[in-house]
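# Architecture and fold: a report
The chain contents come next:
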Amino acid sequence: MKLDLGCGTNKQMGFIGVDRFPLPDVDVVADIDKGLPFDDNSIDTIFASHSLEHVLDLTGAMKEIYRVCRHGAQICIVAPYSEQKLNISNPYHLHCFNEHTPRFWTTSPNTLIPQEQWVHPHASAWGLGESDHHELNIDLRCVKMEFFYFPEYINLSQEDQIQARKHQIDVCDQIMYHLLVVKEEIDENQLCKMVEEISWYDPPLISNRRLKDKTTVQSNKLNALAEENIILKEQLLSIEQAKQKIENKLNEGLETIKSTMEKTGQLTQQKEELLREFRTMDQSYSDLKCKYQQQINSSKILEEELESLKASKYMRFKQFFNPAADLWPLVGSPFQLFKDQSLIYGYKSKKSRLVLGECVPNTNYIWFELGKLPSGCLTGISLAISCRIQPQNGMMGIEIVENANRIIASSSVEALKINNHHPVSFEFDLVSIDTSINNYSLRVFLKNVDVPIKMYVFQNRIKKHSKPFVYFKWEELN
């Protein structure tokens, strides 16, 4: 026996029409709120389309449906989706139908409905039938759930449809459930077997809706393709117009070339000769460029360093070059503070001269004795260096050493920041100088620097030892 509850004037074929109003298609006039005139366990299928939202007591109606159905019967419910403005404002809709509604018709924690369709942070298990602590006494298992979307959401992926349904209104207009009536103890395997064996009722109105939605999707795709086709045609027309302009210019150019060739006679031959000569010169240039680059990377870089020093602004006395000359008079304004401190600390004397020292090693230190330093707080130090080619890799570092064994300050700079014949500054945390210590030293080193770097130093003509040409930065007193 199959019932069409709330059939109105559109009773399903093969069903007994039940409605509370005596309409032409109604076989049995009955109000489900007052009970159905059918025996217990007598119904095999119940179909209710847009009717249950009008009952006064939905839970009571579901209990009455459960009573008349036999174990293993199926129930198909089509209802307006609650999160829709028209349904919300309809005063005749007394109950909400959405993805959570059938959770209140069972206590089973499990369901065949995919979790992403109904997951909620406040209720992780499916069955909520006794969430208000009353005794439910029915078990209607929802095994299928289908949503029907407005046209603008039909084309979305299922994931995007779910997100839209959760966070927006007017996304769906109706929903359909298929429920299995469970009146005997069954496990999950038995439930799955029953679901597979049942021929689930598919209402014609739903089949028509699916066909309509499919038609809408295809129509949307066709419209999109039509719009894309218009754009492509416009692009093709634009390309053809541009092509025609190019062809016209090409024809004009060909006519000009043809006219010129007719006048000169030898233009083509001269052109080929010039092209061959150009290719030869281009290849020679490439070969020379490659050889030059190899020379830059070869060991001759040290000789180039020497030539660079001779050509720099600090060596403007090229025509008067003398290896024994003192560079002190040639020091410019960027190093004036260096000169002042060198005189104050005694690094520059009558017996010493300012010269370009040896290359700073990549694997060891250059060590300078600073002797006794004045009282104060040291915050940095600057060096005078020379390098012909701008370094690209590595770093340059310094260390201030106390009594030849304890490092009291250290700092480093990237080699890319080093500029030829400009002060190289090293900053570090505040260091208090102890005037009772007579043996301070400076260590300078390189790490992975790809070009030679030299320091300017004071060389004593008699003792053959050197002092660095440096500037000490002291904390300023307020």
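Please refer to the structure higher up on the page.
Heads up: these notes are all about the structure in this document. All values derive from a computational prediction rather than experimental measurement.

### Quick look at the overall build of the chain
For the chain, the helix and strand inventory stands at nine helices and 18 strands. Expressed as lengths along the three principal axes of its C-alpha atoms, the size of the chain is roughly 130 × 95 × 45 Å. Of all 478 residues assigned to the chain, the portion counted as buried reaches 40%. Roughly 28600 Å² of accessible area belongs to the chain as shown, and the carbon and sulfur atoms make up 52% of that amount. Counting 53 positive and 63 negative side-chain charges, the chain places the averaged centre of each group 18 Å from the other.

### Section: the sheet that holds strand β13 (residues 406-414)
Pairing is antiparallel in the open sheet, where four strands are placed in the order β9-β15-β12-β13. The open sheet has two edge strands with one neighbour each: β9 (366-371) and β13. On average, each strand axis in the sheet is tilted by 20 degrees relative to the strand beside it, whichever way the strands run.

### Quick look at the side chain of S352
For S352, the position within the fold is in strand β8 (residues 352-359). What makes S352 buried here is its relative accessible area of 4%. At 2.9 Å, the side chain of S352 and the backbone nitrogen of S349 are in polar contact. Beyond its immediate sequence surroundings of up to four residues, S352 is in contact with D326, Y347, F458, Q459 and N460.

### Observations concerning helix α1 (residues 58-68)
L58, A61, M62, E64, I65, Y66 and V68 are the residues of α1 that are buried. Against β1 (2-5), β4 (43-49), β5 (69-80), β6 (140-149) and β7 (172-181) lie the buried residues of α1.

### Some thoughts on the packing of aromatic side chains
Taken as a whole and assessed by the stated rule, the structure comprises 18 aromatic pairs. Taken together, a centroid distance of 5.3 Å and an interplanar angle of 55 degrees make the contact between F338 and F469 tilted. In this pair, F338 is assigned in helix α9 (residues 336-344) and F469 in the loop between β17 (466-468) and β18 (470-474), connecting sequence segments 131 residues apart. The same class applies to F338 as to F469, namely buried. When the ring of F472 is compared with that of W474, the centres are 6.4 Å apart and the planes differ by 40 degrees; the resulting orientation is tilted. You can call F472 buried: its relative accessible area is 1%. Three or more aromatic residues joined by ring pairs make a cluster, and in this case those are W328, F335, F338, F458, F469 and Y471. The residue whose ring lies beneath K183 is Y66, and the NZ or CZ to ring-centre distance is 5.0 Å.

### Concerning the sheet that holds β6
Taking strand neighbours across the sheet as the criterion, the seven strands line up as β3-β2-β1-β4-β5-β7-β6 in an open arrangement whose pairing is mixed. The open sheet terminates on both sides in strands that have one partner only, identified here as β3 (28-29) and β6. Relative to β7, β5 runs antiparallel, the two being bridged by seven bridges. Bridge pairing links Q74 to L180 in β7. Each of β5, β6 and β7 touches helix α5 (residues 188-197); the most contacted strand, β7, lies at about 115 degrees to it.

### Some points on the pairing of β1
As defined by bridge partners, β1 adjoins β4 across four bridges and the pair is classed as parallel. Of the residues in β4, the one forming a bridge with D4 is F47. Bridge count for β1 against strand β2 (residues 16-19) is three bridges, and the pairing is parallel. Bridge pairing in β2 places L5 opposite V18.

### Some points on the pairing of β4
With six of seven residues buried, β4 is to be regarded as a mostly interior element. In this structure, β4 lies alongside β5, joined through six bridges in parallel fashion. Across the sheet, I43 pairs through a bridge with C69, a residue of β5. Tracing the backbone out of β4, into α1 and back to the parallel element β5 gives a crossover that is right-handed.

Rules used in this analysis
Residues numbered from 1 in each chain as written. Predicted model: local features only at pLDDT ≥ 70, side-chain atom pairs only at ≥ 80, totals over all residues. Heavy atoms only, no water. Helix = DSSP H or I, 4+ residues; strand = E, 2+ residues; numbered from the N terminus. Buried < 20%, exposed > 50% of the residue type's maximum accessible area, 1.4 Å probe, protein only. Areas by Shrake-Rupley, 256 points an atom, 1.4 Å probe, with all protein chains shown as cover. Lys, Arg positive; Asp, Glu negative; His and termini not counted. Charge placed at Lys NZ, Arg CZ, Asp CG, Glu CD. Pairing = 2+ DSSP bridges. Axes fitted to C-alpha atoms, helices over the stretch in contact; angles between N-to-C directions. Polar contact = N/O pair within 3.5 Å; in protein donor to acceptor, adjacent residues only side chain to side chain. Contact = heavy atoms within 4.5 Å. Phe/Tyr/Trp six-rings, centres within 6.5 Å; stacked < 30°, edge-to-face > 60°. Lys NZ or Arg CZ within 6 Å of the ring centre and 35° of its normal. Right-handed = clockwise from strand over helix to strand, strands pointing away.

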